[in-house]
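Chain by chain, the residues:
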Amino acid sequence: MTAFLALNSASFAALLFVVASGFTLIFGLMRIINLAHGALYLLGGYVGLVIGVRTGSFTLAVVGASAAVALVGCLVDVGLLRFVKDNALRQVLLTLGVAIVLDDIDLVIFGGDTFTVPVPEFLEGPVSLGGMYYPKYRLFVLVAGVAIYAALWLLLNRTRLGSLIRAGVDDAEMVDAMGVDIKRLFVYTFMLGCALAGLGGVMGGAFLTLYPTADSEILVFSLAVVIIGGRGSLLGAAIGSILVGFLATFGQVWFPEFAYFVIFGPMAILLAFRPLGLFGKAA
Amino acid sequence: MGTRLNWLVTIAVLAGLAAVPFFVGTYKTTLASQMLIFAILAMSIDVLAGFAGRTTLCHGAIFGVSTYVVLYLTSIDASSPWLAAVLGILAATLVAAIFAILAIRTAGVYFLLLTLALGMIIWGICLRWTSVTGGENGIRSTIRPDWLLDSANFYYFTLAIFVVLAFAMWRFVNSPFGLSLQGIRESETRMRALGYNVSLHLFIGFTISGFFAGAAGALYAFFNGFVSPTTVALGQSVAALLMAIVGGVGTLFGGLVGSIMVTAVQDIVSVYTDRWSMLLGLMFIGAMVFAPEGILGKIRTMLASRAAQARPAGTPPNQQRR
């Protein structure tokens, strides 16, 4: 039972990492708290659902959803956020408005029913692990989460784009002054972050299902991850995801009525001692 | 703006508000009561957002805590709704104090983020703690005494409370303590250097603002007689914040203007479409892009620029009357 729960926690943490890493990238570089991130997750899930059902291909669903959500993110960034560039609070509240609108569009199209993104055949069903049967798909999510962590690490630490992003997280003004087109860098980062939300939507939509309030649930978990891990830190997002994933999963079993408390209690305590999170740097 | 003009506007608005039940039917009177209740909530947010510079997204939840407590207590023992109201406001104030301890350490977007998360905890508890909160079904309880059943009577009751609370908030933000909050909004380090205990001031400001939100929540319990997780959900905080923003953050009475406008739009639109929430989102985006200073804020800027001796830039505005 405990091993089962631990695997559930780990796979949930992997999903959280995918979603929250996008959130923390945008937050870290652009100082924008994208409250539409949850809505983009859900949108990605729905797009993946439609593509998956029509074509029967999980790969196409993943690619299509990520691309579609990145496009929406690009539109939000270029079309709306640039009007409120100088004011962090207005940016946050604007993304909140975007979230509300996106959710309502989802509701118009998909209604209040629960959907599940179809998974490829070879990932269906359980696998036997030392006398315990565990869903193959959740193991796949766990592996995918680790792979995405590795890919993001390589992107951030081994490519020019990544070093620019890291430099921007530390001091965006200086990067701009050195002749880098920071506006374009911002748009790319925003799109990448949104694509991760869309990717998470497809991954999560296949085992957590898609329903109208799924977005605020994943958003709250992502917020907790980023608050714990600190702004713009990939490692922070990973550790935060693991912490939140385990607390949420075990909390729901042990104290079903106060599951939220179990996550936010430690978060609040951590915040009291480290307001910027475990790996956060002062702005 | 001269003091006399302020008094004239205040009296005219009060007379206008008092005359509402004479000119409109039962339904519109009820709607007007709702506007006043949410005006209190929006103004309580403005106390914090406009004067202490801390925009919150948990006041809807604090408001809802009070509503939940009042309706829960009266559903057990219906004999004393007033005691329930007092306890509801106390509970909301207590929750606000706890939130304040955690949240005042942060500022700006971090504050927004943290208050959002704190508000979500309340929502999560109300949704899951079914044995007390009734989960999705919520709590229904008839608590209005007989003399409040009439919509006009209830409106005057609400108006009386609104006037008292609005006056109290206005006194609060213009008191020396309120000015210290404005000082913190302008520059925390400077206030600290001047010897103010910034954390303590923010804590008190947050708690008092939560008290007002709780008072609005208790009133809402009398108004609605029903509460469900929607009342404490993020949407509630967002809608109330939108009211404060539409009216004008930092104007206090903008909360009333915003509440009247947003509630009216909601009422008119609901006749034609179910897509109220999409419209709320679009209004939010529009307000952020086009009119971040709000209606009263705009009027104030216009009046200020018309005045021959404009204040030097950066001076905190001190006259928050209509």
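Residues numbered from 1 in each chain as written. Chains lettered and ligands numbered in written order. Predicted model: local features only at pLDDT ≥ 70, side-chain atom pairs only at ≥ 80, totals over all residues.

Colleague: Hey, could you run me through the overall build of chain A in this one?
Modeller: When its secondary structure is counted, chain A shows 10 helices and two strands. Counting from the amino terminus, chain A carries its helices and strands in the arrangement α-α-α-α-β-β-α-α-α-α-α-α. Computed over its C-alpha atoms, the radius of gyration of chain A comes to 18 Å, within 12% of the 19 Å expected for a compact globule of 283 residues. Oriented by its inertia axes, the alpha-carbon framework of chain A measures out at about 60 × 45 × 35 Å. Taking all 283 residues of chain A together, 53% fall into the buried category. (Helix = DSSP H or I, 4+ residues; strand = E, 2+ residues; numbered from the N terminus. Rg over C-alpha atoms; globule rule 2.2 N^0.38 Å. Buried ≥ 20, exposed ≤ 12 C-beta atoms within 10 Å, placed from the backbone.)

Colleague: Please clarify how the nonpolar core should be interpreted in this entry.
Modeller: When a protein is soluble and globular, its nonpolar side chains tend to lie buried together. Core analysis: the biggest nonpolar cluster contains 206 residues, and Val69(A), Ala224(A), Ile40(B), Ala117(B), Phe212(B) and Leu242(B) have the highest contact counts within it. When residues in this core are grouped by element, the largest group, 16 residues, is from helix α1 (residues 2-30) of chain A. Excluding anything up to four places from it in sequence, Ala224(A) contacts Val244(A), Ile263(A), Phe264(A), Met267(A) and Ala117(B). (Core = buried A, V, L, I, M, F, W, Y, C linked by C-beta atoms within 7 Å. Contact = placed C-beta atoms within 7 Å.)

Colleague: What's the story with the environment of Arg4(B) in this structure? I'm lost.
Modeller: Residue and element names in this part refer to chain B. With respect to the secondary-structure elements, Arg4 resides in helix α1 (residues 3-23). On the neighbour-count criterion, Arg4 (8 C-beta atoms within 10 Å) is exposed. Between the C-alpha atom of Arg4 and that of Pro176, which follows or precedes it by 172 residues, the distance is 23 Å.

Colleague: Hey, could you run me through α1(A) in this one?
Modeller: Given 3.6 residues per helical turn, the α-helix brings residues three or four places apart onto the same face. Residues and elements named next belong to chain A. In this model, α1 (29 residues) spans 40 Å end to end at C-alpha, consistent with the 42 Å of a helix rising 1.5 Å per residue. At Ala20, α1 shows its maximal kink, close to 25°. Taking burial as the measure, the 29 residues of α1 include 22 buried ones, the bulk of the element. At the C-terminal side of α1, Arg31 shows a positive phi close to 60°. (Expected span 1.5 Å × (residues − 1). Bend = angle between axes of the 7 residues up to and from the residue.)

Colleague: How should the packing of helix α12 (residues 234-247) of chain B against helix α14 (residues 276-290) of chain B be read in this particular structure?
Modeller: Packed helix pairs are characterised by how far apart their axes lie and by the angle those axes make with each other. Residues and elements named next belong to chain B. Between α12 and α14, the shortest axis-to-axis distance is 11 Å and the interhelical angle comes to 35°. Here α12 and α14 pass one another in a crossing that is left-handed. Residues Ala239, Leu242, Ile245 and Val246 of α12 touch α14, and the partners they reach there are Leu280, Met283, Phe284 and Ala287. Its residues assigned to classes, the contact of α12 with α14 comprises eight nonpolar, no polar and no charged. (Axes fitted to C-alpha atoms, helices over the stretch in contact; angles between N-to-C directions. Left-handed = near helix turned anticlockwise from the far one by under 90°. Nonpolar A, V, L, I, M, F, W, Y, C, P; charged D, E, K, R; others polar.)

Colleague: Hey, could you run me through the interface of chain B and chain A in this one?
Modeller: Interface size is commonly expressed as the accessible surface area that is lost when the partners come together. Counting residues at the interface gives 30 residues for chain B, matched by 32 residues for chain A. Going through the elements one at a time, α5 (108-128), α12 and α14 of chain B are the ones with two or more residues in the side of chain B that touches chain A. At 12 residues, α5(B) tops the list of elements feeding residues into the side of chain B that touches chain A. Classifying every residue of the side of chain B that touches chain A by side-chain character gives 21 nonpolar, six polar and three charged.

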